[in-house]
Amino acid sequence: MPLDVGRNERLITPALRKALIARDKGCARCGRPPRWTRGHHVQHWADGGHTCLENCVLLCDRCHRLVHHGGWDVRIVNGIVEFLPPAYVDRERRPIRGINQLAA
């Protein structure tokens, strides 16, 4: 099953979700279990983002809201999910690794 469906699919496919669970092991930011999460595009679909492992991350509803409305940014660097806090949390916006990838 393809893990990169590009712009052909907006929603996370079942195969991509399985790969995201294997990588993120749940909410990439707080660690909630996979059943509480949804796929999120790092570069949003509306902004030309692709539906693929390199552009998607699992987030629970709370963390999803923080990314969309709380000033947090998310990025994936060499397969590692990182979160950049808003300036009011950390003026330098130093990246924080996803909760389940701290040992990576």
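Quick look at the structure, then. Treat the numbers as computed from the prediction; the structure is a model and nothing was measured.

## Examining the packing of aromatic side chains
- Under the definition given, this model contains zero aromatic pairs.
- Directly above the aromatic system of Trp-45 lies the positively charged group of Arg-7, at a separation of 3.8 Å from the ring centroid.
- The ring of Trp-72 has Arg-29 sitting right over it, with the charged end atom 4.5 Å from the ring centre.

## Here we look at the side chain of Glu-82
- Within the element layout of this structure, Glu-82 appears in strand β6 (residues 80-84).
- With residues up to four places along the chain from it excluded, the contact list for Glu-82 reads Asp-73, Val-74, Arg-75, Val-77, Pro-95, Ile-96 and Arg-97.

## With respect to the nonpolar core
- Ranked by size, the top nonpolar core spans twelve residues in total: Cys-27, Ala-28, Val-57, Leu-59, Cys-60, Cys-63, Val-67, Trp-72, Val-74, Ile-76, Val-81 and Phe-83.
- Listing elements by their share of this core, those giving two or more residues are β4 (56-60), α2 (61-69), β5 (73-77) and β6.
- Considering every element that reaches this core, the biggest residue donor is β4, with three residues.
- Those residues in contact with Ile-76, other than ones at most four positions away along the chain, are Arg-23, Val-42, Leu-53, Glu-54, Asn-55, Cys-56 and Val-81.

## So, helix α1 (residues 14-24)
- Among all positions in α1, only Ala-15, Leu-16, Ala-19, Leu-20, Arg-23 and Asp-24 are buried. On an axial view of α1, the arc spanned by its buried residues comes to 150°, and they lie on one face. Among the exposed residues of α1, those oriented more than 90 degrees off its buried face are Pro-14, Lys-18 and Ala-22.
- The inward-facing, buried residues of α1 contact β3 (51-52), β4, β5 and β6.
- Lys-25 sits one or two positions beyond α1 and adopts a positive phi of about 65°.

Reading guide: rules and limits
Residues numbered from 1 in each chain as written. Predicted model: local features only at pLDDT ≥ 70, side-chain atom pairs only at ≥ 80, totals over all residues. Heavy atoms only, no water. Phe/Tyr/Trp six-rings, centres within 6.5 Å; stacked < 30°, edge-to-face > 60°. Lys NZ or Arg CZ within 6 Å of the ring centre and 35° of its normal. Helix = DSSP H or I, 4+ residues; strand = E, 2+ residues; numbered from the N terminus. Contact = heavy atoms within 4.5 Å. Core = buried A, V, L, I, M, F, W, Y, C linked by side-chain atoms within 4.5 Å. Buried < 20%, exposed > 50% of the residue type's maximum accessible area, 1.4 Å probe, protein only. Arc of directions from axis to C-beta.

Everything listed here is a matter of coordinates, which is why it stays silent on function.
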